[in-house]
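# Notes for the structure review
What follows is each chain in one-letter form.
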Number of protein chains: 6
Amino acid sequence: MNQPFSRPQGRALDALRPVRIERHYTIHAEGSVLVSFGNTKVLCTASVEERVPPHQRGTGQGWVTAEYGMLPRSTHTRSSREAAKGKQSGRTQEIQRLIGRSLRAVFDLKALGERTIQLDCDVLQADGGTRTAAITGAYVAARDAVDWLLRQGLLSQSPLTGSVAAISVGIVQGTPVLDLEYEEDVACDTDMNIVMTDAGQFIEVQGTAEGVSFSRDEMAQLLDLAEKGIRELTHLQHQALAGR
Amino acid sequence: MNQPFSRPQGRALDALRPVRIERHYTIHAEGSVLVSFGNTKVLCTASVEERVPPHQRGTGQGWVTAEYGMLPRSTHTRSSREAAKGKQSGRTQEIQRLIGRSLRAVFDLKALGERTIQLDCDVLQADGGTRTAAITGAYVAARDAVDWLLRQGLLSQSPLTGSVAAISVGIVQGTPVLDLEYEEDVACDTDMNIVMTDAGQFIEVQGTAEGVSFSRDEMAQLLDLAEKGIRELTHLQHQALAGR
Amino acid sequence: MNQPFSRPQGRALDALRPVRIERHYTIHAEGSVLVSFGNTKVLCTASVEERVPPHQRGTGQGWVTAEYGMLPRSTHTRSSREAAKGKQSGRTQEIQRLIGRSLRAVFDLKALGERTIQLDCDVLQADGGTRTAAITGAYVAARDAVDWLLRQGLLSQSPLTGSVAAISVGIVQGTPVLDLEYEEDVACDTDMNIVMTDAGQFIEVQGTAEGVSFSRDEMAQLLDLAEKGIRELTHLQHQALAGR
Amino acid sequence: MNQPFSRPQGRALDALRPVRIERHYTIHAEGSVLVSFGNTKVLCTASVEERVPPHQRGTGQGWVTAEYGMLPRSTHTRSSREAAKGKQSGRTQEIQRLIGRSLRAVFDLKALGERTIQLDCDVLQADGGTRTAAITGAYVAARDAVDWLLRQGLLSQSPLTGSVAAISVGIVQGTPVLDLEYEEDVACDTDMNIVMTDAGQFIEVQGTAEGVSFSRDEMAQLLDLAEKGIRELTHLQHQALAGR
Amino acid sequence: MNQPFSRPQGRALDALRPVRIERHYTIHAEGSVLVSFGNTKVLCTASVEERVPPHQRGTGQGWVTAEYGMLPRSTHTRSSREAAKGKQSGRTQEIQRLIGRSLRAVFDLKALGERTIQLDCDVLQADGGTRTAAITGAYVAARDAVDWLLRQGLLSQSPLTGSVAAISVGIVQGTPVLDLEYEEDVACDTDMNIVMTDAGQFIEVQGTAEGVSFSRDEMAQLLDLAEKGIRELTHLQHQALAGR
Amino acid sequence: MNQPFSRPQGRALDALRPVRIERHYTIHAEGSVLVSFGNTKVLCTASVEERVPPHQRGTGQGWVTAEYGMLPRSTHTRSSREAAKGKQSGRTQEIQRLIGRSLRAVFDLKALGERTIQLDCDVLQADGGTRTAAITGAYVAARDAVDWLLRQGLLSQSPLTGSVAAISVGIVQGTPVLDLEYEEDVACDTDMNIVMTDAGQFIEVQGTAEGVSFSRDEMAQLLDLAEKGIRELTHLQHQALAGR
């Protein structure tokens, strides 16, 4: 790393922001988690529905899918409401597809049976990293929904094959850093979102050069940072789930 | 009142649910309030925008408007996301028009100047009375946004002409009650939403017979209950605003 | 009442405009009524459909619902066509929901059986009070459709439990008046739409302060005016139905 | 003509249905005509707007355009409302484009100046031939709007270069007939809509074989019939315009 | 014909542009044809689907339908992508309805059985006459799809009752010409698209005066030209189909 | 690599399919390239527009953006037309955003000036790898459009800072392979799309585990394959551009 970049609040280059995972945040959903990565706050609910989309009907397999949204004033300046505009942006669709794929990667859909776990990730407050917070929180909500299914006797064993978490890494002013907040995200040259299992395997790697392209060596440094971050998030998820 | 109806948790017929008004709930908006009427929780933000919609351009007058939404799993069973469906329901539009009219009723738009106060009321958790909670919270958020404009020196005096609050009343099993929760709302014969100023004047009266029509005498009883509820809400709004 | 307001054409404060109810206005619908409140003209058709929407299927109950539209040049200046814009405005949805609820209030849906009465209220010419004219005319069209069902032997007794009519009242320059025409509607401080049965019971009360809020006492005066107007409309409906 | 086909009500093969052209049918539009071709009734309004669409701006030329709609229960069985479905059908778009082109054909757009004549053709009752009735009525409404512009002093001479009318012809059971009503339209092999000027020139010829293709000789017979019908319609239009 | 108009590249007034019909242009579709009328190039595919739209279900009859599109830069200046705009233009809908009707005219839908032949006509390069090229090419693709059905043993005899082709004719500077290219189309007074069978019968005649109306005599000259052009196209279609 | 997987047509694990880059495929666009990766064929056009989107206006900078579409029968079974459905799928939006970002990465937008290069990538035939073929072809089309701008004297030096190409890699039955065709894509565990410059720098890395997650070591093997593929594609692009 050349000329080290100094982060807001003196955060270390390889440090996560304070992460908080509050379960049972709302009362109706089978799983309901408010996850905070610093000032980024995402409400993740998991709803169990005893039906599957058409492409899974009659297969004996279940489905896990996600939707994502930002409250209009979760951002620095108000962004317009997608429901009022009448369509979801390309960015929204990309993110909710990513969340859905990431969660499906740790589900045995056959073991889930013909039902759907519908994840809703709604950003109450945004400060960078909403998609990685969403995946990290959605896993905990999904796990609570699975536990609900087990408690109800609707499932006799868990269809989860592991846990999943996500973190962003990036190169800001030539310096690789972990868990970018908004101010860093805007300034970065390369932005990468990494989704991994608790076994240290990759589920998604999405890296984008925003301005300056990156070398193979830089990519290696980013992956190192991400692996460290994911280990910490995995620990925090397990800790949260160990509570009531 | 014939055969008195017994309310959940032994609530008195003329009692509000516990009401909580938390200001500064999120960090970006000029006003941000989480209002709770029992288990109903609505996040109300007020955003100041230095422009007005076309119909007000060049008039020297400002505008106050509102949008409303429910998170998909704010409800007992998940309702589909309006952004994904590509349109807002008739119910959503009715409610956001009601919130906008109610708030405009206490604004001197000329004194506001050519700017907009955009209110966003998003239901995090629903248990009946979301529109009345939204109006009650939106007033507090709007007041915080006005104070921000005054502090910034963008306004030299407040364009607010009073305060506004809203409550529901209804007839459940022949008994008039104040502030219906979901279970009562589903069972009621008549449902009325009342919006009033702190001066005890009416802004909106919207009563609907859901099944059994109501008499002039019953309407009088409902209005009595509503006046009592609004007085209490007005007090709670002023108390919340007296804090930091 | 302070400084009495003088109405167009010297109309009395508590007088309806000339009301005309023409049945069999078009030939295809089971009920077809052109209703005029002065220059406001609304074509109300009632169509019998031998199916119900999904939420009523298999319940043994029928459904009554309404749609509302304005021809583009029914108004002083042309308004754009909702079919061309690709969506119905919030106002249109509010009105059609109101018409549907009002008519359902006088139907025993179980007695109707699993069929739908679809009401279409299309404004040919607008001069204030289109929604109240629509409800008043839709009742007559619905009654003709019910008589058609009885004549066809599809029903053996009427599912109607009474009749329904609607009227607007408002406060113009401090003076409560009945049945506002467009010029008065634009100038009024408070506008209230009242839907009542022939038994003098309320189905809907929708009052809105447009500018100046109103007192409990003013509301009482408005309800008195509305009750008078509805009695006259009920009489005119019954008279029209007594014809061929 | 082989085995002559017998028409409803004993109408002659080359006879129009009774045609009625009522001007000043509604009060707000600059031109407002209810045109009836037998049981087909179309309300045609012409609205003058002092602006032109983007493609004409700054050219010094005006524009003439049309929209078309059917009330949901103008037809034998109710068809769904396009405003509620959120889009106009291909048929609707075809028809409104045809009406617009037909009317533009008799306008000198330069002489009209930078303003728009917007025609709205709404079918109140349908029994075949709605598009030809619409064009025939729209001309009269457009002429009334032009006269209004002349009376207002907004134009000093008429931009109209002639009159326009339209009629349908078709081959039913091998027999060419004029002005098809619904029952004939459904049964016909070939359906042709012809738009002509009062000078006997063609503006549009749209013939479609619905089932059985047609010969050059049959086309000649259809054109003969159409020329006769258009002459009669032109006479009726001029007669109607000679009234108040 | 007065003052003879001189065509680009010295083309004779009654000459087609060079026509090319390439079968098997893409590999997946049951029929796939690239048709060129000079610089106009349209890819026509025919897809066999073992289902029919709702209105044909259970009738034992099949369906033939078409969709049409232009690649955004098939035109001189880029036109916006209809998928991105979220709707098909009125022109697109008119053309695809015309293609569908034209092809259905040579199909015995009963003999096709309850399956659909879906035609997709996508313009790769436009230079006038895209709809006539599309119909001419779609027939060849449809014929290849029918042959595929016969080879697969899904049909034992062809449901085709003839062949179909289409050509444009028009009056440019007072001169009737065959097969207008873009530059002529823009300049023409009258534009007519003719669809005919190999038996010399008419399926569609769509003539539009763009500016100057046309006489019965001019129409006769245009039909003569069209008949000549269709004969030549029919020959080229049969020749193409005689290849592999 | 464990149990080596045998590819269709005996292709080597690290071999590209036959790649063909045909310039000047259509006549209207400033750049027009048909690119083939085996049976995948994408038409890429580059259109120069002398305007920029709102977010770039007045900045002195240009813009480069892309749209993507598949012809309905470019695929094995017909997929529905997005223009007819009225919206682009999430997949389409993801891909066109990827193409746009990839191309912008090699443009100096300031040097381009306030104009837009609009890339349209339309899949004529699909067999896996359509987005990587699209990026690879779009670069060549963009380069032709830049050369056109230079020839026209609208630019005096090229705003391109390098070239860009893209390729897919994946793990099929445990074996890393280069440039997946459809049959391999469907069967693969991990799918990664890589976009690189001719300088060997990364622009985008998008890897997704479809079923089985992947290790850091597998990622390294995939990146090695991609680097080899991109070098070859870069060479082929330069070769194509060296022609007329």
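All figures in this text were calculated on a predicted structure; none of them were measured in a lab.

### So, the sheet that holds strand β1 (residues 19-23) of chain F
Residue and element names in this part refer to chain F. Taken together, the five strands give an open sheet; going across it, the order is β1-β2-β3-β5-β4, and neighbouring strands pair in mixed fashion. A single partner strand is all that each edge strand has here, and the edge strands are β1 and β4 (63-70). Between one strand axis and the next, the sheet turns by 15° as a mean value, whatever way the strands run. On the sheet, helix α6 (residues 216-242) packs against β1 and β2 (31-37) and is oriented at approximately 30° with respect to β1.

### Quick word on the relation of the copies chain C and chain D
Expressed as a screw transformation, the operator carrying chain C onto chain D has a rotation angle of 180° and an axial translation of 0.0 Å, and the superposed copies differ by an RMSD of 0.0 Å. Taken together, the rotation and translation describe the operation of a two-fold axis. Interface overlap between copies: 100% of the residues of chain C at the interface are likewise at the interface in chain D, consistent with a symmetric, same-surface contact.

### Brief notes about the interface of chain F and chain A
With 25 residues of chain F at the contact, the number on the chain A side is 25 residues. Overall, the association of chain F and chain A removes approximately 2500 Å² of surface from exposure, summing both partners, and the carbon and sulfur fraction of that is 44%. Together, Glu94, Phe202 and Arg216 of chain F form the three largest contributors to the area buried by chain F at its contact with chain A, with a combined 25%. The interface formed by chain F and chain A contains six salt bridges. Where glutamate 227 of chain F meets arginine 216 of chain A, a salt bridge forms, and the shortest distance between an N and an O atom there is 3.3 Å. Scanning the region where chain F abuts chain A turns up 20 residue pairs in polar contact (both at pLDDT 80 or more). Every element with two or more residues in the side of chain F that touches chain A is listed here: α2 (90-104), β9 (202-209) and α6 of chain F. Where strand β9 (residues 202-209) of chain A meets β9 of chain F, five bridges bridge the pair, whose relative direction is antiparallel. Bridging from a neighbouring strand, glycine 207 of chain A pairs with valine 205 of chain F of β9 of chain F.

### Section: the pattern of salt bridges
Counted according to the given criterion, the structure contains 132 salt bridges over all chains. A salt bridge links arginine 97 of chain B to glutamate 94 of chain C, with the nearest nitrogen and oxygen atoms 2.5 Å apart. Of the two residues, arginine 97 of chain B is situated in helix α2 (residues 90-104) and glutamate 94 of chain C in helix α2 (residues 90-104); the pairing between them involves two chains. The exposure class of glutamate 94 of chain C is buried, given its relative accessible area of 12%. One salt bridge connects arginine 11 of chain C with aspartate 179 of chain C, and the closest N-O pair in it is separated by 3.7 Å. Within this pair, whereas arginine 11 of chain C is found in the segment before β1 (19-23), its partner aspartate 179 of chain C is found in the loop between β7 (175-178) and α5 (182-187), the two being separated by 168 residues in sequence. For aspartate 179 of chain C, a relative accessible area of 0% corresponds to the buried category.

### Concerning the UniProt feature "domain: Exoribonuclease phosphorolytic" (unreviewed entry) in chain A
All names here are of chain A. Taken from the UniProt record, the annotation "domain: Exoribonuclease phosphorolytic" (unreviewed entry) applies to residues 16-145 and 163-229. Across residues 16-145, the secondary structure splits into 30% helix and 31% strand, with the terminal C-alpha atoms separated by 27 Å. Here residues 163-229 is 30% helix and 43% strand, with 14 Å between the C-alpha atoms at its ends.

### A few points about the sheet that holds strand β6 (residues 164-172) of chain C
The strand order across the open sheet built from eight strands is β7(B)-β6(B)-β8(B)-β9(B)-β9(C)-β8(C)-β6(C)-β7(C), with neighbouring strands paired in antiparallel fashion. Two strands in the sheet have a free side with no partner beyond their single neighbour: β7 (175-178) of chain B together with β7 of chain C. Averaged over neighbouring strand pairs, the angle between their axes works out to 15° when direction is ignored. The strands that helix α4 (residues 130-151) of chain B touches are β6 (164-172) and β8 (190-197) of chain B; relative to β6 of chain B, the one it contacts most, it runs at about 165°.

### A closer look at the interface of chain C and chain D
Taken together, the 37 residues of chain C in the interface contact 37 residues of chain D. Counting the surface lost from both chain C and chain D, the interface buries some 2800 Å², and carbon and sulfur atoms represent 50% of this. Remark: the boundary between chain C and chain D carries 21 residue pairs in polar contact (both at pLDDT 80 or more). At the level of elements, β3 (40-49), β4 (63-70), α1 (82-85) and β5 (116-125) of chain C are the ones that each hand at least two residues to the side of chain C that touches chain D. Within the side of chain C that touches chain D, the residues separate by chemical class into 14 nonpolar, 13 polar and ten charged.

### Quick look at unusual backbone geometry
Keep in mind that most residues, glycine aside, have a negative phi and that most peptide bonds are trans. Residue and element names in this part refer to chain D. With a phi angle near 55°, histidine 24 is a residue other than glycine that sits in the positive phi range. Relative to the elements of secondary structure, histidine 24 occurs in the loop between β1 (19-23) and β2 (31-37). Looking at histidine 24, the relative accessible area reads 37%, which means it is partly exposed. Despite not being glycine, glutamine 173 has its phi angle at roughly 45°, a positive value. Structurally, the position occupied by glutamine 173 is in the loop between β6 (164-172) and β7 (175-178). Residue glutamine 173 is classed as partly exposed on the basis of its relative accessible area, which comes to 49%.

### Some details on the packing of helix α2 (residues 90-104) of chain D against helix α4 (residues 130-151) of chain D
Helix-helix packing: each pair is described by the crossing angle between the helix axes and the interaxial distance. All names here are of chain D. One can describe the packing of α2 onto α4 by two numbers: an axis separation of 10 Å at closest approach and a directional angle of 40°. Judged by the inter-axis angle, α2 sits oblique to α4. Crossing handedness for the pair α2 and α4: right-handed. For the pair α2 and α4, contact is made by Arg91, Ile95, Leu98, Ile99, Ser102 and Leu103 and by Thr130, Arg131, Ala134, Ile135, Ala138, Tyr139 and Ala142, respectively. Classifying every residue of the contact of α2 with α4 by side-chain character gives nine nonpolar, two polar and two charged.

### What to know about the arrangement of the chains
As for chain D relative to chain A, no contact occurs, and the smallest C-alpha gap between them is 12 Å. One finds no contact between chain C and chain F; the C-alpha atoms of the two approach each other to within 12 Å at their closest.

### So, the relation of the copies chain F and chain A
Superposing chain F onto chain A requires a rotation of 180° together with a translation of 0.0 Å along the rotation axis, leaving an RMSD of 0.0 Å. Taken as a fraction of all interface residues of chain F, those also at the interface in chain A reach 100%, which identifies the copy contact as same-surface.

### As for the environment of valine 64 of chain A
All names here are of chain A. Its location among the elements puts valine 64 in strand β4 (residues 63-70). Valine 64 sits 18 residues away from alanine 46 along the chain, and the two C-alpha atoms are 9.6 Å apart. Setting aside its immediate chain neighbours within four residues, valine 64 contacts Gly100, Leu103, Arg104, Phe107, Leu109, Leu112, Ile117 and Leu119.

### What to know about the UniProt feature "binding site: phosphate" (unreviewed entry) in chain A
UniProt records the feature "binding site: phosphate" (unreviewed entry) at Arg91, Gly129, Thr130 and Arg131 of chain A, using the numbering of this structure. A maximum C-alpha distance of 13.4 Å among these annotated residues, which run over 41 residues, shows that they cluster at one spot. One can find arginine 91 of chain A in helix α2 (residues 90-104). Apart from residues lying up to four places away in sequence, arginine 91 of chain A is in contact with Tyr68, Met70, Thr130 and Arg131 of chain A together with Arg97 of chain F. A residue is classified by how much of its surface remains accessible, and arginine 131 of chain A, at 19% relative accessible area, is buried. Once residues within four sequence positions are removed from consideration, arginine 131 of chain A is found in contact with Arg91, Ile95, Leu98 and Asn193 of chain A.

### What about the packing of aromatic side chains?
Tallied over the full model, the rule gives six aromatic pairs over all chains. When the centroid spacing of 5.7 Å and the interplanar angle of 25° are considered together, the rings of phenylalanine 202 of chain B and phenylalanine 214 of chain C count as stacked. Pair noted here: phenylalanine 202 of chain B is in strand β9 (residues 202-209) and phenylalanine 214 of chain C is in the loop between β9 (202-209) and α6 (216-242), and the two residues belong to different chains.

### Quick look at the packing of α4 of chain D against helix α6 (residues 216-242) of chain D
Residues and elements named next belong to chain D. Axis separation between α4 and α6 bottoms out at 10 Å; the angle between their running directions is 30°. Classified by the angle their axes make, α4 and α6 are roughly parallel. Regarding α4 and α6, the two cross each other, and that crossing is right-handed. Within the contact between the two elements, α4 uses Thr136, Tyr139, Val140, Arg143 and Asp144 and α6 uses Leu233, Gln237 and Leu241.

### Things to note about the pairing of β9 of chain C
Of all eight residues making up β9 of chain C, eight are buried, and the element is well covered by its neighbours. Once strand β8 (residues 190-197) of chain C ends, the chain turns through four residues before running back antiparallel as β9 of chain C, passing glycine 200 of chain C with a positive phi of about 80°.

### Observations regarding the environment of serine 215 of chain D
Tracing the backbone shows serine 215 of chain D in the loop between β9 (202-209) and α6. Serine 215 of chain D sits in the buried class, given a relative accessible area of 19%. Serine 215 of chain D has contacts with Gln201 and Phe202 of chain E, leaving out every residue within four places of it along the chain.

Basis of the calculations
- Residues numbered from 1 in each chain as written.
- Chains lettered and ligands numbered in written order.
- Predicted model: local features only at pLDDT ≥ 70, side-chain atom pairs only at ≥ 80, totals over all residues.
- Heavy atoms only, no water.
- Pairing = 2+ DSSP bridges.
- Helix = DSSP H or I, 4+ residues; strand = E, 2+ residues; numbered from the N terminus.
- Axes fitted to C-alpha atoms, helices over the stretch in contact; angles between N-to-C directions.
- Contact = heavy atoms within 4.5 Å.
- Least-squares fit on C-alpha atoms with pLDDT ≥ 70 in both.
- Buried area = accessible area lost by both parts, 1.4 Å probe.
- Salt bridge = Lys/Arg side-chain N within 4 Å of Asp/Glu carboxyl O.
- Polar contact = N/O pair within 3.5 Å; in protein donor to acceptor, adjacent residues only side chain to side chain.
- Buried < 20%, exposed > 50% of the residue type's maximum accessible area, 1.4 Å probe, protein only.
- UniProt positions renumbered as here; feature names shortened; annotations may be inferred.
- Nonpolar A, V, L, I, M, F, W, Y, C, P; charged D, E, K, R; others polar.
- Parallel < 35°, antiparallel > 145°, perpendicular 65-115°, else oblique.
- Left-handed = near helix turned anticlockwise from the far one by under 90°.
- Phe/Tyr/Trp six-rings, centres within 6.5 Å; stacked < 30°, edge-to-face > 60°.

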